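Structural characterization, general
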Amino acid sequence: MTRLSVALACAAMLCARAASAQAVHPSIPDAELPALLAQLDQRHFDAFNHCDIDALQALYAPDVEFFHDLNGRVMNREQFLQAVRKNICGKLQRRLLPDTLEVYPLAKVGALQMGRHCFVLTGQADCIQQGRFTILWRFDGTSWQIAKVFSYDHRPMAPR
């Protein structure tokens, strides 16, 4: 290989590496993602806790996949919304556990959000169950939608 071809090959690899390291979107610095995803998380679970099906439908992508450790089902958006209507509305509410939210940018896709939360019976004060979640938020350049959800490690709350 000539020096020129080696130089061109190295330059091509550097360009490819730089392109793959692009931010989620040029207008959204990676440093701002944790605050942005915290706001989206709040909006998501305000809708969940208040049974705002229209808001949930807007937040969930039509092709969303929802995986749950206790029922083993993969749900699409309509199945998820039906499950919320049947099993959550007026029965359970979700609380994010303090200092557990983590956010990681995914170049050209969006962001990965992970954390821990607990669930309370509506009208009650104490959590009865806790779990972990991982959410893939997809960003299309103008809006964020939930593309994949993994809800897992559900277990009763430890007694105080």
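Residues numbered from 1 in each chain as written. Predicted model: local features only at pLDDT ≥ 70, side-chain atom pairs only at ≥ 80, totals over all residues. Heavy atoms only, no water.

**A closer look at the pattern of salt bridges**
Where we set the bar: A carboxyl oxygen of Asp or Glu within 4 Å of a side-chain nitrogen of Lys or Arg is what we treat as a salt bridge. Here a helix means four or more residues in a row that DSSP labels H or I, a strand means two or more in a row labelled E, and each is numbered from the N terminus. For every residue, the accessible area obtained with a 1.4 Å probe (protein chains only) is divided by the maximum for its type, and the residue is called buried under 20%, exposed over 50%, and partly exposed between those limits.
Following the criterion strictly, the structure yields 6 salt bridges and no others. Between Asp41 and Arg94 there is a salt bridge, and its shortest N-O distance comes to 3.0 Å. Of this pair, Asp41 sits in helix H2 (residues 33-49) while Arg94 sits in strand S3 (residues 92-96), placing them 53 residues apart in sequence. We note a salt bridge from Arg138 to Asp63, for which the minimum N-O separation is 2.7 Å. Here Arg138, found in strand S6 (residues 127-139), pairs with Asp63, found in strand S1 (residues 60-68); they are 75 residues apart in sequence, far enough to count as distant. Judged by relative accessible area, Arg138 falls into the partly exposed class, the value being 32%. Shared partners join several salt bridges into a network, and the residues in it are Arg132, Asp153 and Arg155.

**A few points about the state of the cysteines**
The criterion, for reference: The term disulfide is used for any two cysteine sulfur atoms that are within 2.5 Å.
Tallied over the entire structure, the rule returns 2 disulfides. Cys118 shares a disulfide with Cys127; S-S distance 1.9 Å. With its bonded cysteines labelled in order along the sequence, the protein shows the pairing 1-2, 3-4.

**Details of the nonpolar core**
Applied cut-off: In this text, buried Ala, Val, Leu, Ile, Met, Phe, Trp, Tyr and Cys residues form a nonpolar core when linked through side-chain atoms within 4.5 Å. Note on definitions: a residue-residue contact is assigned when non-hydrogen atoms from the two residues lie within 4.5 Å.
Membership of the largest hydrophobic core comes to 31 residues, with the highest contact counts inside it found for Leu37, Leu56, Tyr60, Val84, Trp137 and Trp144. In contact with Trp137, other than residues within four places in its own chain, are Leu37, Leu40, Asp41, His44, Leu59, Val109, Gly110, Ala111, Gln113, Trp144, Gln145 and Ile146.

**A closer look at the packing of aromatic side chains**
Here a ring pair, both rings aromatic, is described through the centre-centre distance and the interplanar angle of the planes. The condition that has to hold: Geometry of aromatic contacts follows a simple scheme: Phe, Tyr and Trp rings, the Trp one being its six-membered ring, pair when their centres are within 6.5 Å, and the pair is stacked under 30 degrees between planes, edge-to-face over 60, tilted otherwise. Geometrically, a lysine NZ or arginine CZ counts as sitting over a ring once it is within 6 Å of the ring centre and also within 35 degrees of the ring normal.
Scanning the entire structure with this criterion turns up 5 aromatic pairs. Ring plane angle 70 degrees and centroid distance 5.2 Å describe the contact between Phe45 and Phe48, whose orientation is recorded as edge-to-face. Taken together, the residues span about one helical turn, with Phe45 and Phe48 both in helix H2 at a distance of 3 residues. Through a chain of ring-to-ring contacts, the aromatic side chains of Tyr60, Phe66 and Phe80 assemble into a single cluster. Against the face of Phe45 rests Arg94, its NZ or CZ located 3.5 Å from the ring centre.

**Some thoughts on the pairing of S1**
For clarity, the threshold we go by: Between any two strands, at least two bridges found by DSSP are needed for them to pair.
The sheet contact formed by S1 and strand S7 (residues 144-156) spans 5 bridges and is parallel. Residue pairing across strands places Tyr60 opposite Ile146, the latter belonging to S7. Relative to strand S2 (residues 74-75), S1 is paired through 2 bridges, and the arrangement is antiparallel. The residue of S2 that forms the bridge with Phe67 is Val74. Counting the residues between successive antiparallel strands, the hairpin from S1 to S2 contains 5 residues, one of them, Gly72, with a positive phi of roughly 65 degrees.

**Concerning the confidence of the model for the protein**
The predicted coordinates should not be examined in detail at positions where pLDDT is low. Just so we agree on the cut-off: pLDDT is a per-residue confidence score from the predictor, ranging from 0 to 100.
For the protein, per-residue confidence averages 85 on the pLDDT scale, and 82% of positions sit at 70 or higher. At the level of individual helices and strands, the protein shows its lowest average pLDDT in helix H1 (residues 3-20), which scores 40, and its highest in S6, which scores 97. Low pLDDT, under 50, characterises residues 2-22; the stretch is placed with 5 contacts to residues that sit more than four places away or in other chains.

**A look at H2**
Inclusion rule: The span expected for a helix works out to 1.5 Å for each residue beyond the first.
Relative to the 24 Å expected for 17 residues at 1.5 Å per residue, H2 spans 24 Å between its end C-alpha atoms, a close match to the ideal helical length. What H2 keeps buried is the set Leu33, Leu37, Leu40, Asp41, His44, Phe45, Ala47, Phe48 and Asn49. Count one or two residues on from H2 and you reach Cys51, which has phi positive near 55 degrees.

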